[in-house]
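Summary of structural features
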Amino acid sequence: KGNESYGYSAGMNLASISAVDTVALSPVPAPKVNGTSHTVTATVGTAGNALQFDGVNDFVRINANAALDISDGTIEFWINRVASGNNKCVIANRGTDSNTRYSMHVSDSAIGLWNGSSFGTVSYAIPAGAWHHVALVDSGSNTEVFVDGVSRGSTGNAFNTGVSGQPVTIGSSYTTAGALFANESFAGKIDEVRVWNAARTQVLFRLRNEKDPSRNA
């Protein structure tokens, strides 16, 4: 798909997994849930397969992959969040709190990017209980945040290109090696996570907003 480094799409069929603790998604090998191997299949165009996270210990882990160590680029996703306080992690390239390339967070009042040394935020409350498209576009020195195709401001920081070879997690993050940061566990649904090694445009984000998951459910 052009410059797409990695894509998780709505068609990923994980309906048989009731409590997602550890999953390694294609293209990396050995999908696992609670240490047991599973086959993860993609059914393109199938609605209703967003991942639901309980805000306690549900998360997806993708083993370290150089394709996900983007520098300038775009990370986008759909979320349907539960109002659950501050600093919930949606996606992170992060082995420990300080060993972080990027870690993207939402709260009841802001959207933020942690890069291992600074936490930049944009003041914007993503409404809970409905699907919203979020994109963060890193230009090398700053990161612009789009919600539902509209720019909401910039975080004032960027991805940490000095860190590489870390796992990527969806729905939570690591505070130390192998230990989840419990207070950052996301509550709600996440769908169609995309990591691009190029800056995407506002026009594309607006087009995505015309195809939100709820319209196909």
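Everything that follows concerns the structure shown earlier in this document.
This section reports on the structure supplied with the text. (Residues numbered from 1 in each chain as written. Predicted model: local features only at pLDDT ≥ 70, side-chain atom pairs only at ≥ 80, totals over all residues. Heavy atoms only, no water.)

Let's shift gears to the sheet that holds strand S11 (residues 110-114). Adjacent strands of a sheet form backbone hydrogen bonds with each other and so pair up, either parallel or antiparallel. Taken together, 6 strands build an open sheet; the order of strands is S7-S16-S9-S10-S11-S12 and the sheet is antiparallel. Of all the strands in the sheet, just strand S7 (60-62) and strand S12 (119-123) have a single pairing partner and so form its edges. This sheet shows a mean twist of 15 degrees between the axes of neighbouring strands, independent of strand direction. Summarising the sheet, strand S10 (residues 100-106) and S11 pair through 4 bridges and their orientation is antiparallel. When the sheet's bridge partners are listed, Val 106 is paired in S11 with Ile 111. (Pairing = 2+ DSSP bridges. Helix = DSSP H or I, 4+ residues; strand = E, 2+ residues; numbered from the N terminus. Axes fitted to C-alpha atoms, helices over the stretch in contact; angles between N-to-C directions.)

With respect to the helices and strands, the residue Thr 169 is situated in strand S16 (residues 168-170). Relative accessible area serves as the criterion here: at 0%, Thr 169 is assigned to the buried category. Once you skip the residues sitting within four places of it in the chain, Thr 169 turns out to touch Phe 59, Val 60, Arg 61, Val 90, Ile 91, Ala 92 and Tyr 174. A distance of 2.6 Å separates a polar side-chain atom of Thr 169 from the backbone oxygen of Ser 172. (Buried < 20%, exposed > 50% of the residue type's maximum accessible area, 1.4 Å probe, protein only. Contact = heavy atoms within 4.5 Å. Polar contact = N/O pair within 3.5 Å; in protein donor to acceptor, adjacent residues only side chain to side chain.)

This part covers the side chain of Gln 166. Turning to its location among the elements, Gln 166 is positioned in the loop between strand S15 (150-154) and S16. The class for Gln 166 is buried, based on a relative accessible area of 12%. With residues near it in sequence (within four places) discarded, Gln 166 still touches Ala 64, Asn 93, Arg 94, Gly 95 and Asn 99.

What follows deals with the side chain of Asn 80. Mapped onto the fold, Asn 80 is located in strand S8 (residues 73-81). Given a relative accessible area of 15%, Asn 80 falls into the buried group. From its side chain, Asn 80 meets the backbone nitrogen of Ala 130 in a polar contact 3.1 Å long.

Bringing the environment of Arg 194 into the picture now. With respect to the secondary-structure elements, Arg 194 resides in strand S19 (residues 187-196). Residue classification places Arg 194 among the buried positions, given a relative accessible area of 13%. Distance in space between the C-alpha atoms of Arg 194 and Phe 77 is 6.2 Å, their sequence separation being 117 residues. There is a polar contact of 3.2 Å between the side chain of Arg 194 and the side chain of Glu 192.

On to the pattern of salt bridges, then. Taken as a whole, this structure holds 4 salt bridges when the rule is applied. One salt bridge connects Arg 194 with Glu 192, and the closest N-O pair in it is separated by 3.2 Å. Three or more residues are tied together by salt bridges with common partners; here these are Arg 94, Asp 97 and Glu 184. (Salt bridge = Lys/Arg side-chain N within 4 Å of Asp/Glu carboxyl O.)

With respect to burial, S10 is a largely interior element, 7 of its 7 residues being buried. Pairing between strand S9 (residues 88-94) and S10: 6 bridges, direction antiparallel. Note on S10: the bridge partner recorded for Ala 92 is Ser 103. Taking the residues between adjacent antiparallel strands as the criterion, S9 and S10 are bridged by 5 residues. As consecutive antiparallel partners, S10 and S11 are separated by 3 residues.

Time to look at the pairing of strand S13 (residues 132-138). With 7 of its 7 residues buried, S13 lies for the most part within the structure. Of the two faces of S13, the one lined by His 132, Val 134, Leu 136 and Asp 138 and the one lined by His 133, Ala 135 and Val 137 are each fully buried. Alignment of S8 against S13, held across 7 bridges, turns out to be antiparallel. Among the inter-strand pairings, Glu 76 is bridged to a residue of S13, identified as Ala 135. In this sheet, strand S14 (residues 143-147) lies alongside S13 in antiparallel orientation, the contact comprising 5 bridges. Note on S14: the bridge partner recorded for Leu 136 is Val 145. The antiparallel pairing of S13 with S14 creates a hairpin that spans 4 residues between the two strands, and Gly 140 there sits at a positive phi of about 110 degrees.

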